[in-house]
Amino acid sequence: NCALPDIQVQITTESAGLFDVRAQLNCLRQVAPRAASVSVRETARDVNLAAKIYAVCAEMGTQIQHIVYTPDDWRQLLAWRASGIVRPGQDDIIAVLGQYAPVRNASPQDVTGLAPLFSQTKGRVMVCAFGPQEHELLCAAAKLGAELRIGFENNIHSADGSLAQNNATQVARMVASLASTERAPAQPSQT
């Protein structure tokens, strides 16, 4: 037994296509989390239920972080915000560069494609990247004003392709990379 009264736990409704939007909505209702990540791509499968997800989260006070994989996902989110489906204050984003399946390592074009959308976003933007170019791409995202998530969830390799020793080494390398750039955020998050 342990008590962690001040810790904030964020759940995710992202399901890799295994659960439909109704199941994701029901999960949010049943858990009533303080924070949740919601995949725009998955939620877009049923726009009526997407509107309910955002309404329920607003009623419960659940902080939402939107998961976007492509500029199209991000534009969908901006359209939902403009139409009122996404409520005021539901503006945080995590932009995922690359993907698990099929495996696709992130590339510089991924950051370039997202750059114009940063200025249209009101909330916090966090970026993570799959593959050996993770550090380079995260430095480019930091220059755009993004917060960064780094860790073995997305990448287990060093830039030379060898296996990274551990998360701490990856984070230290990222901090050193950021220190050598013009704009560095306070600290990257570790996953």
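Just above, that's the structure.
About the thresholds
- Residues numbered from 1 in each chain as written.
- Predicted model: local features only at pLDDT ≥ 70, side-chain atom pairs only at ≥ 80, totals over all residues.
- Heavy atoms only, no water.
- Helix = DSSP H or I, 4+ residues; strand = E, 2+ residues; numbered from the N terminus.
- Rg over C-alpha atoms; globule rule 2.2 N^0.38 Å.
- Buried < 20%, exposed > 50% of the residue type's maximum accessible area, 1.4 Å probe, protein only.
- Axes fitted to C-alpha atoms, helices over the stretch in contact; angles between N-to-C directions.
- Parallel < 35°, antiparallel > 145°, perpendicular 65-115°, else oblique.
- Contact = heavy atoms within 4.5 Å.
- Nonpolar A, V, L, I, M, F, W, Y, C, P; charged D, E, K, R; others polar.
- Polar contact = N/O pair within 3.5 Å; in protein donor to acceptor, adjacent residues only side chain to side chain.
- Patch = residues over 30% accessible without salt bridge, like charges linked within 9 Å, V, L, I, M, F, W, Y side chains within 5 Å.
- Areas by Shrake-Rupley, 256 points an atom, 1.4 Å probe, with all protein chains shown as cover.
- Salt bridge = Lys/Arg side-chain N within 4 Å of Asp/Glu carboxyl O.
- Pairing = 2+ DSSP bridges.
- Right-handed = clockwise from strand over helix to strand, strands pointing away.

Asks: Would you mind going over the overall build of the protein chain with me for this structure?
Replies: Of regular secondary structure, the protein chain possesses seven helices and seven strands. For the protein chain, the succession of helices and strands along the chain, N to C, is β-α-β-α-α-β-α-β-α-β-α-β-α-β. Radius of gyration (C-alpha) of the protein chain: 17 Å, near the 16 Å computed for a compact globule of 191 residues. Seen through its principal axes, the protein chain has C-alpha atoms that stretch 45 × 45 × 30 Å. When the 191 residues of the protein chain are sorted by exposure, 45% land in the buried category.

Asks: How should I be thinking about the packing of helix 1 (residues 21-31) against helix 3 (residues 47-60) in this particular structure?
Replies: Two packed helices can be described by the angle between their axes and the distance between those axes. Running from N to C, helix 1 and helix 3 point in directions that differ by 5°, and their axes come no closer than 10 Å. The pairing of helix 1 with helix 3 is recorded here as roughly parallel in orientation. Residues V21, R22, L25, L28 and R29 of helix 1 form the contact with helix 3, whose own contacting residues are L49, A50, K52, I53, V56, C57 and M60. Classifying every residue of the contact of helix 1 with helix 3 gives nine nonpolar, no polar and three charged.

Asks: Explain the side chain of D92 to me, please; I cannot follow it from the model alone.
Replies: Of note, D92 is situated in strand 4 (residues 92-97). Reaching out from D92, the side chain makes a polar contact with the backbone nitrogen of R124 at a distance of 3.0 Å. If near-sequence neighbours (up to four positions away) are discounted, D92 is found in contact with Q63, I64, Q65, H66, G123 and R124.

Asks: Is there a simple way to think about a nonpolar patch on the surface in this case?
Replies: A surface patch of nonpolar side chains, amounting to about 290 Å² of accessible area, comprises L4, I7 and V9. On the secondary structure map, I7 appears in the segment before strand 1 (10-12). Under the relative-accessibility criterion, I7 is labelled partly exposed at 48%.

Asks: Would you explain the pairing of strand 5 (residues 125-129) in this entry?
Replies: Both faces of the sheet carry side chains from a regular strand, because those side chains alternate between them. Of all five residues that make up strand 5, five are buried, and the element is covered over most of its length. Residues V125, V127 and A129 point to one face of strand 5 and M126 and C128 to the other, with burial holding for every one of them. Strand direction decides the pairing type here: strand 4 and strand 5, joined by five bridges, are parallel. Its bridge partner lying in strand 5, A95 is registered against V127. On the question of chirality, the crossover connecting strand 4 to the parallel strand 5 by way of helix 5 (residues 108-118) is right-handed. In this structure, strand 5 lies alongside strand 6 (residues 147-150), joined through two bridges in parallel fashion. Across the sheet, residue V127 finds its bridge partner in strand 6, namely L148. In terms of handedness, the path from strand 5 via helix 6 (residues 134-143) over to strand 6 forms a crossover that is right-handed.

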